[in-house]
Amino acid sequence: MEYKVGDRIIHSREGLSTITSETSIGGNDYFVVVSDKGDRENIYILKSRTENIIRPIMTIEESMAIINYMKSVEAEFISNTKQRRDQYRKRLLSGSVYDLAYLARQLYFFNFYNANGQIVKLGPTDLQMLKDAESILFDELAISFNVAREEMEKKIIELMK
């Protein structure tokens, strides 16, 4: 994928971001990226290593495919805390929108009940990872669907019916 200054992109850790400039450091070419959230620090990404770090914002067709995928995701609870957190972290940092959709869907399930109808209590670390995935995904979907970010959750529920 060819990126240029001014492109809105999704950064695998930071979510919705913008390529603000290009620079060379030590003979290597970098994109300078600024996240829409947080303290707006510059993030330097080696141009030759953008894969799995940044990606373009989804099209409306790709967004619909993600929502259809979310319909098929089932509740999955890993009782071993370390294994669960490792899996969540791996999915969150994978750069895959499908992994983000999986985690966002798990957050929906665990806000209510697990597959056995029991209330599930996740630790703060687990919840934060799931909320981060949801935030990155919903920010992107809001742009794809051209709706306000605050309305995206309602839009997803509507589309999943």
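This text follows the structure it describes.
A brief look at the structure comes next. For clarity, every value in this text was computed on a predicted model and none was experimentally measured.

Quick look at the packing of aromatic side chains now. On inspection of all chains with the given rule, the structure shows 2 aromatic pairs. Between Tyr3 and Phe31, the aromatic rings sit 6.2 Å apart at their centres with planes inclined by 85°, giving edge-to-face as the arrangement. Taken together, the residues Tyr3 in the segment before β1 (8-11) and Phe31 in strand β3 (residues 28-35) connect sequence positions 28 residues apart. An identical accessibility class is assigned to Tyr3 and Phe31; each is buried. Taking 5.1 Å as the distance between ring centres and 80° as the angle between the ring planes, the aromatic pair formed by Tyr69 and Tyr98 counts as edge-to-face. You can see Tyr69 sitting in helix α1 (residues 60-72) and its partner Tyr98 sitting in helix α3 (residues 97-110), a full 29 residues away along the chain. We note Lys47 situated over the ring of Phe31; from NZ or CZ to the ring centre the distance is 5.1 Å. The ring centre of Tyr102 lies 3.6 Å from the NZ or CZ of Arg91, which sits over that ring.

What counts and how
Residues numbered from 1 in each chain as written. Predicted model: local features only at pLDDT ≥ 70, side-chain atom pairs only at ≥ 80, totals over all residues. Heavy atoms only, no water. Phe/Tyr/Trp six-rings, centres within 6.5 Å; stacked < 30°, edge-to-face > 60°. Helix = DSSP H or I, 4+ residues; strand = E, 2+ residues; numbered from the N terminus. Buried < 20%, exposed > 50% of the residue type's maximum accessible area, 1.4 Å probe, protein only. Lys NZ or Arg CZ within 6 Å of the ring centre and 35° of its normal.

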